[in-house]
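This is what each chain is made of:
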Amino acid sequence: MKYLSVLRHAKAEPPEDYAADMDRPLTSRGEKDALHMGAVLAEIKPAIDWIISSPAQRTRDTAQQVVHALKFKRNVVWQDAIYEAEAETLLESLAQIPAEKEHVLLIGHNPGVEGLVSGLVAGDPNRLQLTMATAGLAHLSLEIFGWNQIRWGCGSLHCLLRPKLLRHQ
């Protein structure tokens, strides 16, 4: 059994304010939401032992907040292929993770992360229409022994959380 947490990047600055989409940082609300989601992730067992992320600024900023909340001591793996990737590409990236890793956190973008979670649960990335808000978190268990066995339909969804539920008014 393996565990996968999928986090969509937190709320980013509008694209029209930046020459390149890759350069968009988080808003102040995005930073807070990412930190809150990091606190949630810190409570999930087993502990995260591998983080893989898109290298876009908004995912880097999200990862930084999560790493802080987790007190994560390892390096984040920045993977270009995750930037705005489709679900199939994300599945291929996960298949490359070292077999000994038990709980992986993937930080990415929509619509790829929604398709990934949908496909792992329903067997087809287009069958189930999950919605992941910015800083949305999905946590799954996977019926696999090694990451190279990951395939559509091998997952069970344990949690789908929106940061709005954690905000204090």
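Owing to the predicted nature of the structure, the values given are computational and were not obtained by experimental measurement. (Residues numbered from 1 in each chain as written. Predicted model: local features only at pLDDT ≥ 70, side-chain atom pairs only at ≥ 80, totals over all residues. Heavy atoms only, no water.)

Engineer: I'd like a description of the sheet that holds strand β4 (residues 103–108), backed by residues and values.
Structural biologist: Reading across from one edge, β3-β2-β4-β1-β5-β6 is the order of the six strands in this open sheet, with mixed pairing throughout. Of all strands in the sheet, those bounded by a partner on one side alone are β3 (77–78) and β6 (155–161). Note that strand β2 (residues 50–53) and β4 share four bridges and pair parallel. Paired with W50 across the strands is V104, a residue of β4. Sitting on the sheet, helix α2 (residues 57–70) touches β1 (2–8), β2, β3 and β4, and the angle it makes with β4 is about 150°. (Pairing = 2+ DSSP bridges. Helix = DSSP H or I, 4+ residues; strand = E, 2+ residues; numbered from the N terminus. Contact = heavy atoms within 4.5 Å. Axes fitted to C-alpha atoms, helices over the stretch in contact; angles between N-to-C directions.)

Engineer: Go over the pairing of strand β5 (residues 137–142) with me, naming the residues and quoting the values.
Structural biologist: Of all six residues making up β5, six are buried, and the element is well covered by its neighbours. Side chains L137, H139 and S141 project from β5 onto one buried face, and the interleaved A138, L140 and L142 project onto a second face that is buried too. As paired elements, β5 and β6 share six bridges and run antiparallel to each other. Along β6, the bridge assignment pairs L137 with L161. (Buried < 20%, exposed > 50% of the residue type's maximum accessible area, 1.4 Å probe, protein only.)

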